[in-house]
Structure formats: C-alpha cells, structure tokens
Amino acid sequence: MPSSRPAPRLRLRPGVAVTPLLAGLHLRGRGAGVTLEGSRALPALWQLLADRLAPDRAMRGAGGAQAGTGAPADGATQASAEAPASARVHAGAGARTDVRIPVDAGEAKAGAQARVQAQAQAPESDQVDPRVEAALATLTARLREHDLLVEHPDGVALPPWPGSSAARPAEAVEAIRSARPVVAAPDPEGPLAISLVRALRRAGASPRVATDNRLTAGRAVITADAPSGAVALAVSCDGEGGFVTAPGPPNRAHSDAAAIATRLGSGTPAWAPGGPATEQSRSSTPGTAPSEPSVGAWAPSQAAASAEAPSGTHVALLAGAAAGRLLAAVADLPDPAAHEDAAGIATAGHAAVLIARAEPPEATYHPWAAAPCAARRGPDAPPAPDLEEALRRVAALGDPRLGVLDAPLPGDLPQLPASLASCRTPAGLLVAGAVRADLARLEAACRAAELALADGSSDPVVGVGPDHARGRALRRAVFDGIARDAGSATAKADPVAAGASADGIGDDVWRTHPQARHWWTVLTERMRRSADLTVRQLGFGEAHAAVIRVRSASTVAGAAPGTVSRAVEVTAADAVAFAALDAVTRAMAAEHAPDVARHTALNGAVAPLAVAGVEPAAWADEGWTDAWLASVAAREPALRAALHRLTGLHPTPWQGTGHHPLTHALRASGFTVLTGSGGPR
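Residues numbered from 1 in each chain as written. Predicted model: local features only at pLDDT ≥ 70, side-chain atom pairs only at ≥ 80, totals over all residues. Heavy atoms only, no water.

**Describing the environment of Arg476**
Part 1 of the reasoning: With respect to the helices and strands, the residue Arg476 is situated in helix 13 (residues 466–484).
Part 2 of the reasoning: Here Arg476 falls in the buried class, since its relative accessible area comes to 3%.
Part 3 of the reasoning: Through-space distance from the C-alpha of Arg476 to that of Val461 is 9.0 Å; in sequence the pair is 15 residues apart.
Part 4 of the reasoning: A polar contact of 3.1 Å, which involves the side chain of Arg476, links it to the side chain of Asp459. (Helix = DSSP H or I, 4+ residues; strand = E, 2+ residues; numbered from the N terminus. Buried < 20%, exposed > 50% of the residue type's maximum accessible area, 1.4 Å probe, protein only. Polar contact = N/O pair within 3.5 Å; in protein donor to acceptor, adjacent residues only side chain to side chain.)

Dropping the structure here:
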C-alpha cells in the first residue's frame, strides 16, 4: 500500500537571506555565508531556483516566484549577457571554490540573459532549457554544500526553529513535541518558572511545572525525554547574574548547579584551590595585565543580600537560553555553546556553562575544566597533538570564571630580547621565559600547575603529554644532581668572553652555533651581565649540561646574590643556548617584575610539541627558531633515553594527597602529571 505521506523536497532553510549583486549573489543563514559571483546571469537564475525552493508550491502564482520567494531579497541588479563561464564561491572565513556553470547555460552568449529571464517568467509547466537546468543544478549543489538547503515534505510548514539548523526538521519537531519537559522549581509561580514554560511552549514543547524544595530560590531544573534517554539541565537567576549548565543526566543537574554556584560565589582565587581568599586584581601585580576579579560572575551571598529582583529581560534571557539548550539536546541539534566557541577552547570535551551577569549585561559560555567526572561529556581527552591545541586547553584551565589556574599572559612584560609571561600561583608570582610568547605561556601553565599541586611530600611534574612530562622530569633529576655539587665547581676564566669556560669541550663546539652564540652574547654584551659558563659531558657524551652563574652587579653588602641557570640537552650548543636563555629571562624578570617569586624557562622537552605540524623553510638554518626547535625535537627521544640511563629515574603517575580539582582538570584536558625528584626549583 503506497504511503500517504508527502514526499520530501529541497527547501531553503528559514532565515536565509539573499542579496543580488551585479554579477552574483550573496546568501547568508545560520552559521553560513556564501557569495556566488562571476556571472551576471546569476540573479536571473536565482529567480528560477527561488521558485523551486519556495515554502509551498500551492502558494505560488502561475507567473512563478520572484527573487525573494525562497529567501528575502534585499537588493536588486540587472543581469547581463556578458559574463565568464564560472562563478566563484566565498564561504566562511575566505574559503573559495569554483562553480562551473556551462557556457551554454546563458552566461557567455549574446541573448543568454533574455533566455534565462524568459524561463523565469514562463509557466511552471513549461520545459526548462537543459542548459539552464544544468546551471540550476550547479547552484543547488553549492547551496547544499553549505547547509543552506534542507529536505522537507511539500505542503508541510517548515518551522523557523529547528528548521534553520536541523538536518531533519520534521524529526526534530517530533522529538521536541514528545519531550514532555518538566520544570522543577521551589516556586512554580515565580518569574523564572513562568519564563521557562513560555520559552518551551514557543519552541513547540508541552511543559508542566513541579515543586522542588531542594532547590534554592531563583533556581530551576528542567528535565525532558530524548530518544537517547532523559536529559536535564539547571538554570539559576537572581538580581546579580545567573548561569545555565550543560545538558546531562537528570541525576547530575542538582549537584552540577550547586558546584557551579559554589565556584562562582567563592572568594578563593581559581589559581589557589583551598588557599586564602583574595580579591587582588591582576593590575596590582607588576608585569601583568588587568583582568576580572577571581570570584566569577557574581557571588550568591551578595545576591542574597540584595533586595533587587532580576529584571524581566534578564530572566527571559536565561530562560530562553536554558530552553533552547535543552531542546537542542532533545532534538539532536548542535549545542548552542558550539557557535560561541570561537577560540576552540571546548575541544578537550569540557562542559560549557553559560554565565550571565546583569550589570553590565553579558552572557558568555565558559569551559568547566574542573567539572566532576560524572559531569563530563566524555572520557579524558588525549594529549594535545600540537602547540595550538595545547594553548587552547591552557586557556580553558585559566578561564576567569570557572578555571583552576591563573591564566598566564604576557601583560606589560617585555617581549624582547626574549618573551616573558606571568601568572599568580600559591607560591607567589611566577614569570616564565621563552623564545616566543606562546611557548612562555605554556611553560608558565605547566610550572604553575606543579606549584599548585605540590603537597610537601612530592614534587609533581606536569606536561602536555607523557613524553613532554617525562622529558621535564628527567631534566629535573639531572638538575638536582648538578645543584648538589654546584658549590664545589670552580669556573675557569675564559680569555675570549667574560668568564666562559668548558670542561674538556672546545669553545668552537658551542660558540659557532647561532642560537648558543646569540643568547650568550645577549646576556654578556647586550645586557652587560658578568657570567661564568661551565659545559660538561654527561655519561659517555650522550648528553651535555651547561651551568651559567650570573654574578650580582651590586657590590653592596646584603645585595641579592647572583643567579644560576642550568640546561641539559644532547649537544653542548643546545645546552648553552637554553641555559643562556634562562639567564636572560631571569635578568629580564628581575628588572621588570621585582616581586617575582618564581622563575621558569623553556627547555627542549617542549620542542616536539612546538614543531608539530610546522615545516621549517628549506633555506632556514638553526639560527631560525623553528628550524632550531625542529632539530632539538629530533634529538629529544635520544636525550630521554640517555637521561634515563644516567639517572635511573622511572617517572610514574603522580598520586598526590586528597582530591585536588586541578588534578582532575589537568587529566581531563589531556595533561600528564608525573612524580618528580627533589624540591621545587
């Protein structure tokens, strides 16, 4: 028995608008914008295509649709017979593809425009010229590529939402209709519950209200049925601000809301879980940029003390966001948070929380890196494959609202001759140095996490992945051995350069290397620091250690002592380069951030991550940073093997004490935490 259901046909998505151009068209819809250009016949072809994509054939007149039938047209143009035989598509952020339209389809021959216009004005039953049909098929294919078209039964209304984004709008509408959402609130007649019910009804759902005295005032939980199982989220709203949690299992909604409210209302800085409360702004710390207070969007304790009720606009914003997010999960539509994630910080799979505040009005999604395991979207993320992804995860860990670290930033610290970045830690201000600001930010994040996790009984080592963490741990074990006998080492005078010497290693081994020569020259000549250099082989020449002692420039009694910088790498040149870089950035930090409590600098362990996906130019030598880091990365596996033989260290996963939220956040973000040796440096 044949089905009575109408057959689906292609339609233009609701909300798509078109602007005719002199030689093309510009279409834009939800999350997509496409420009077709290169043919003055395109506006006339659009008349035919818009007629076919109209909402309902029965509503069209015998003369065919105008340019705005399928989508609103906000411009006009004249078609011309003279045009090239191809149109070009501009999509998204500058993406381009060629749209090949047959020449015979009315684009390059005299009189072609008249032929296309005649087809557009002909009765619907007339046969369309095959050449015009081929051009229409090309345009249709391009629109489908950019998700501006959708299949929907003829004669059935296409809803504005979810028709604007759903792959199968009819199924999405049915899922929403069958969701039967329940709005649970302590006050079913309160403004938040009423606004939630209205928003759900406008979207096509049939909600009901229930009383839940477990919830605090101004908070509600919405639960709905979905094809994959029940789903729920929590929403909170008061006179100061509010939030909407990510959709998840119903048994997590209450606890997630309580955890987020506690985090936002806590006076404890994000970078010091469990530490003393502080309201110190970033601007009060030398070398850092101003940022928002660490207490988050608002404090519930402040809101409770405020007699001001939330405005109707504020309640409607949060209610609409909560209803839309829940129903998107029910209908298997993209999470609205995905459209706001321009920086890509949710790629590690963190739940995104919408956080709003009333004054000034704003509502933005924030990654919840420290979410409990049960609240996460999936298992822990794998290690970051490259530096760009690692920095996105660092940004999530340092989110100003829900993060667990103070975000490392350059602020107003100098970026020449080396780059500096700083952040606050439980041990005080930390400054990291590197050859580039992005590498300094990553180094600062790893060291800040180590300082936050240190519990006195062990010294954890944090890396972006297992290899990075292992390289850092093995180097630290060697540093500890070097530090133990540093007092007995005697530097030899170097007749060439301000106290440089090498134990059994000729100067030409490292002085001819561009990076080693550059950073040593910056330290001793440009910055005029008096320094002693010791370079020695480790083992059977499998690795080299460089130690640079910078003598204090002051002769006043009680002046700050000199600094010691160390590096361990495969070659003597690499070791000298990294040790000199460390000394340079220590000197810069001492000058521009006098309150610095800790310092850390780049080493070769990060090189494989820094060059992943980067191909240095064929003409570049190791004087260029990318080429040098690529060479260091190629030598890193051999160095780790050599240091393992020298130290006998077997780094193992760090256990720590207690349930530190930073530990969970790091592992959820793909970071590795290993046991180190010795004390903090």
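**Details of the packing of aromatic side chains**
Part 1 of the reasoning: All chains considered together, the criterion is met by two aromatic pairs.
Part 2 of the reasoning: Plain terms: the ring middles of Trp619 and Trp624 are 5.3 Å apart, the flat faces sit at 80 degrees to each other, and that makes the pair edge-to-face.
Part 3 of the reasoning: For Trp619, a relative accessible area of 64% gives the class exposed. (Phe/Tyr/Trp six-rings, centres within 6.5 Å; stacked < 30°, edge-to-face > 60°.)

**Some remarks on the pattern of salt bridges**
Part 1 of the reasoning: Scanning the entire structure with this criterion turns up 28 salt bridges.
Part 2 of the reasoning: Between Arg476 and Glu450 there is a salt bridge; the shortest N-O distance is 2.9 Å. Residue Arg476 is located in helix 13, and its partner Glu450 is located in helix 12 (residues 437–453); the two are separated by 26 residues in the primary sequence. Each member of the pair, Arg476 as well as Glu450, is classed as buried. (Salt bridge = Lys/Arg side-chain N within 4 Å of Asp/Glu carboxyl O.)

**A few points about the pairing of strand 14 (residues 362–368)**
Part 1 of the reasoning: Sheet analysis places strand 13 (residues 351–357) next to strand 14, joined by seven bridges and oriented antiparallel. If you follow Leu354 over to strand 14, its bridge partner there is Tyr365.
Part 2 of the reasoning: Hairpin connection from strand 13 to strand 14: four residues lie between these consecutive antiparallel strands. (Pairing = 2+ DSSP bridges.)

**Some remarks on the nonpolar core**
Part 1 of the reasoning: Among the nonpolar cores identified, the biggest contains 77 residues, and Leu439, Leu442, Ile548 and Leu666 are the most heavily contacted of them.
Part 2 of the reasoning: At 14 residues, the largest contribution of residues to this core is made by helix 16 (residues 572–592).
Part 3 of the reasoning: Dropping the residues within four chain positions of it, Ile548 is found in contact with Trp520, Leu523, Ala531, Asp532, Leu533, Thr563, Val564, Ser565, Val576, Ala579, Ala580 and Ala583.
Part 4 of the reasoning: The next biggest cluster of nonpolar side chains, apart from the first, holds 39 residues, and it includes Ala172, Leu233, Ala328 and Ala352. (Core = buried A, V, L, I, M, F, W, Y, C linked by side-chain atoms within 4.5 Å. Contact = heavy atoms within 4.5 Å.)

**A word on the environment of Arg393**
Part 1 of the reasoning: In this structure, Arg393 sits in helix 11 (residues 387–397).
Part 2 of the reasoning: Residue class for Arg393 comes out buried when judged on its relative accessible area of 5%.
Part 3 of the reasoning: Measuring from C-alpha to C-alpha, the distance between Arg393 and Pro367 comes to 9.7 Å, with 26 residues separating the pair along the chain.
Part 4 of the reasoning: Here Ser669 takes part through its backbone oxygen, which lies 2.8 Å from a polar atom of the side chain of Arg393.

Remember, this is a structural readout, not a statement about activity or role.
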